[in-house]
Amino acid sequence: MLTTLAYGTVHYWALAAFALGAAGIVCLWTLDALVLRSTSLSLNRLQWPILGMIVLGLMQLLPLRAPDNAGLAISPARTLSLDPYATRLVIVQVASLFVYFAATLIFTDTSRRLRTLVRTITIFGFLLAMFGLMQSLTSDGTRVYWFRQLTQSTAFGPFINRHHFAGYMELAIAIPLGLLFTGAVEKHKRVLYSFAAMLMGVALLMTNSRGGVISLGAEILFLAVVGTTARSRNGQRLPRRERARVAMVRAGLAFALIVALIGGALAFGGTDIFTRLLGTPTASDPTTGRAHFWSVALNVIKAYPITGSGLGSFGVIYTRYDSRNGLFRLEQAHNDYLQTLSDGGIIGAALGLWFIWILFRRGFARRETHDRFRRGVITGALAGCFAVLVHSFFDFPLHTTANALLFLILAALATQDSRVDQMSQHRGARWRSTQSESATPALAPGAEPRALTGS
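As the structure is a computational prediction, the values presented were derived from the model and not from experiment.

Our focus in this paragraph is the layout of surface pockets. Computed from the structure, the second largest pocket encloses a volume of approximately 730 Å³. Taken together, 28 residues make up the lining of the second largest pocket; nearest its centre are M1, L2, Y100, L405 and I409. Counting only elements with at least two residues in the lining of the second largest pocket, the list comes to α1 (2–5), α2 (12–36), α4 (84–107), α5 (111–138) and α15 (401–415). Here the element with the most residues in the lining of the second largest pocket is α2; it accounts for 7 residues. A per-class count over the lining of the second largest pocket returns 21 nonpolar, 6 polar and 1 charged.

In structure tokens, the structure reads:
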């Protein structure tokens, strides 16, 4: 919540506070291990691609590049990264994200903690959507928190870039929608969850982000296809006719949701809300410059195909390959996939694809649980990650720290082991016997192994 309210944590002061928070978690984690005389480390494979990205950044800081000043009268950087300062910042940011991700895997170890985390995301997403709508309807979109004036972007909520607010809503709305589509919400709570999801969806549409709208549609389609459960409440597999009926119900729910969201957006924003989505006759470039950005990114990829130009270096290398007058400065490629190839080369792209493959492979495997609530959370978490991955084709939502953090939290919820199942008899992986010098926590059936170290 703090990373979101601090303008999405994109400024240096906010990134510094974020890194200090991660360092504080490590210190408390270490103190906890010393007091309890043992600690636990998750063996979730999703951690390895993130660690690989940190190693790649460290490798890019090595002085292995031949000097090339590109015709400029400056001392060239000899590191593999063309912007070693930016690469160091990215390494700190990714390392901090890794700490929060690992902590989520370790300490979300009971069904009660899982439900608390899910409710926190849902309630905060609802309140954030309400704040974003209030600010949008009472200002012209050039101010954040009604007092900070912007000059080159359109704000929405606490985010300086409205597309990043749309990306956050795609992640937050996924949890209540996943629970609703899988029937994991009690009847007396469905109205509350539906209202929260509706407000978040309307706020997303009000951002007028084409990438956000496309991603929301992809998210609803994902839920309609994947959210259909093949098991009854007691865990028995449903017959084919019953599964077909459930699928039809989910398809009807998806259609009703789309109609309700469009109606809500029209009610809040009027008939002009979809003007940008349909295009304007005076728009000479429907991609608003992205086609040119992508062509420049492709040229950078051709020049640095293996290890890339350096994590975070796109803003520097862009000026060398920009064929226009250079009037505007560009920090991101507006396509996370192209920028991953540009900054990290083939190695960085392989790490990203590895992360995505593990996420969905393990997530779909975890959906085969008898815990209906857990299945709904996993379905929603996968849908949210899928939506942001679609949005990443058009923008750079994962370069905003708040979005990246929530994305990793959903990835953790989607791939968490069976300790958080409601029917698990395990009462927390952190339980220790105070009578012994070191104790090994018991594992629930189906829980993944954990590396344990004792003093």
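This part covers the confidence of the model for the protein chain. Looking at the protein chain as a whole, its pLDDT mean stands at 83, while 80% of the residues score no less than 70. Note that residues 425–455 has pLDDT below 50 and, in this model, 71 contacts with residues that lie over four places away or in other chains.

This part is about the packing of helix α6 (residues 162–181) against α15. Packed helix pairs are specified by the crossing angle of their axes together with the interaxial distance, meaning the distance between the axes. Taken N-terminus to C-terminus, the directions of α6 and α15 make an angle of 20 degrees; their axes are 9 Å apart at the nearest point. When the axis of α6 is compared with that of α15, the two are roughly parallel. Considering how the two elements wind past one another, α6 and α15 form a crossing that is left-handed. Residues H164, G167, Y168, L171, A172 and I175 of α6 touch α15, and the partners they reach there are A402, N403, L406, F407 and L410. Looking at the contact of α6 with α15, its residues break down into 8 nonpolar, 3 polar and no charged.

According to the stated counting rule, one finds 3 salt bridges in the structure shown. Here R113 and D109 are joined by a salt bridge, their closest N and O atoms 3.4 Å apart. Of the residues examined, R113 reaches a relative accessible area of 41% and is grouped as partly exposed. Since its relative accessible area comes to 2%, D109 is described here as buried.

Under the counting rule described, the total for this entry stands at 19 aromatic pairs. Taking 6.4 Å as the distance between ring centres and 40 degrees as the angle between the ring planes, the aromatic pair formed by F222 and F364 counts as tilted. Placement of F222 in helix α8 (residues 210–226) and of F364 in helix α13 (residues 336–366) is noted, with a sequence separation of 142 residues between them. By relative accessible area, which is 10% here, F222 ends up buried.

Here we take up a nonpolar patch on the surface. On the surface, I123, L127, M130, M134 and W146 cluster together into a nonpolar patch covering about 480 Å² of accessible area. When you line up the elements, W146 lands in the loop between β2 (143–144) and β3 (148–149).

Now for helix α12 (residues 314–321). Where α12 is concerned, the buried positions are F314, G315, I317 and Y318. The buried residues of α12 occupy an angular sector of 165 degrees when the element is viewed end-on, so they sit on one face. Contacts from the buried residues of α12 go to α11 (290–303) and α13.

What follows concerns α4. Over its 24 residues, α4 extends 34 Å from the first C-alpha to the last, a length consistent with the 34 Å expected when each residue adds 1.5 Å. Across the 24 residues of α4, 18 count as buried, placing the element largely inside the fold.

Our focus in this paragraph is unusual backbone geometry. Of note in the backbone geometry, T9 takes a positive phi value of approximately 60 degrees without being a glycine. For R37, which is not a glycine, the phi torsion comes out positive at approximately 65 degrees. Tracing the backbone through its elements, the reader meets R37 in the loop between α2 and β1 (38–42). Residue classification places R37 among the partly exposed residues on the basis of a relative accessible area of 39%.

For the rest of this paragraph, the subject is the nonpolar core. Judged by nonpolar contacts, the single largest core of 87 residues is most densely connected at Y168, L179, L359 and F407. Residues within four places of L179 in sequence aside, it is in contact with V118, A184, V185, Y193, F373, G376 and V377.

Before going further, it helps to examine the environment of V26. Within the secondary structure layout, V26 lies in helix α2. By relative accessible area, V26 is classed as partly exposed at 37%. Through-space distance from the C-alpha of V26 to that of S96 is 9.9 Å; in sequence the pair is 70 residues apart.

Running from amino to carboxyl end, α6 crosses α8 at an angle of 20 degrees, the nearest separation of the two axes being 10 Å. Here α6 is positioned roughly parallel relative to α8, judged by the angle of their axes. The interaxial crossing formed by α6 with α8 has right-handed handedness. For the pair α6 and α8, the contacting residues are A166, E170, I173, A174, L177, G178 and F181 in the first and G211, G212, S215, L216, E219, L223 and A224 in the second. Taken together, the residues of the contact of α6 with α8 break down into 8 nonpolar, 4 polar and 2 charged.

Bringing the environment of L382 into the picture now. Here L382 is to be found in helix α14 (residues 372–391). Remark: the alpha-carbon pair of L382 and F222, spanning 160 residues in sequence, is separated by 8.9 Å.

Here we take up the side chain of S342. Summarising the element assignment, S342 is placed in helix α13. Judged by its relative accessible area of 0%, S342 is buried. Leaving out residues up to four positions away in the same chain, S342 has contacts with A297, V300, I301, G308, S309 and F314.

Tracing the chain through its elements places T108 in the loop between α4 and α5. Within the structure, T108 has its side chain in polar contact with the backbone oxygen of T104 (distance 3.0 Å). With residues near it in sequence (within four places) discarded, T108 still touches A103, R113, L114, L117, L413, Q416, R419 and V420.

Thresholds applied
- Residues numbered from 1 in each chain as written.
- Predicted model: local features only at pLDDT ≥ 70, side-chain atom pairs only at ≥ 80, totals over all residues.
- Heavy atoms only, no water.
- 1 Å grid on protein atoms, 1.4 Å probe; cavity = no way out; pocket = protein on both sides within 12 Å on 5 of 7 lines; lining within 4 Å.
- Points joined across faces, edges and corners; volume = space filled by probe spheres on them.
- Helix = DSSP H or I, 4+ residues; strand = E, 2+ residues; numbered from the N terminus.
- Nonpolar A, V, L, I, M, F, W, Y, C, P; charged D, E, K, R; others polar.
- pLDDT = per-residue confidence, 0-100.
- Contact = heavy atoms within 4.5 Å.
- Axes fitted to C-alpha atoms, helices over the stretch in contact; angles between N-to-C directions.
- Parallel < 35°, antiparallel > 145°, perpendicular 65-115°, else oblique.
- Left-handed = near helix turned anticlockwise from the far one by under 90°.
- Salt bridge = Lys/Arg side-chain N within 4 Å of Asp/Glu carboxyl O.
- Buried < 20%, exposed > 50% of the residue type's maximum accessible area, 1.4 Å probe, protein only.
- Phe/Tyr/Trp six-rings, centres within 6.5 Å; stacked < 30°, edge-to-face > 60°.
- Patch = residues over 30% accessible without salt bridge, like charges linked within 9 Å, V, L, I, M, F, W, Y side chains within 5 Å.
- Areas by Shrake-Rupley, 256 points an atom, 1.4 Å probe, with all protein chains shown as cover.
- Arc of directions from axis to C-beta.
- Expected span 1.5 Å × (residues − 1).
- Core = buried A, V, L, I, M, F, W, Y, C linked by side-chain atoms within 4.5 Å.
- Polar contact = N/O pair within 3.5 Å; in protein donor to acceptor, adjacent residues only side chain to side chain.

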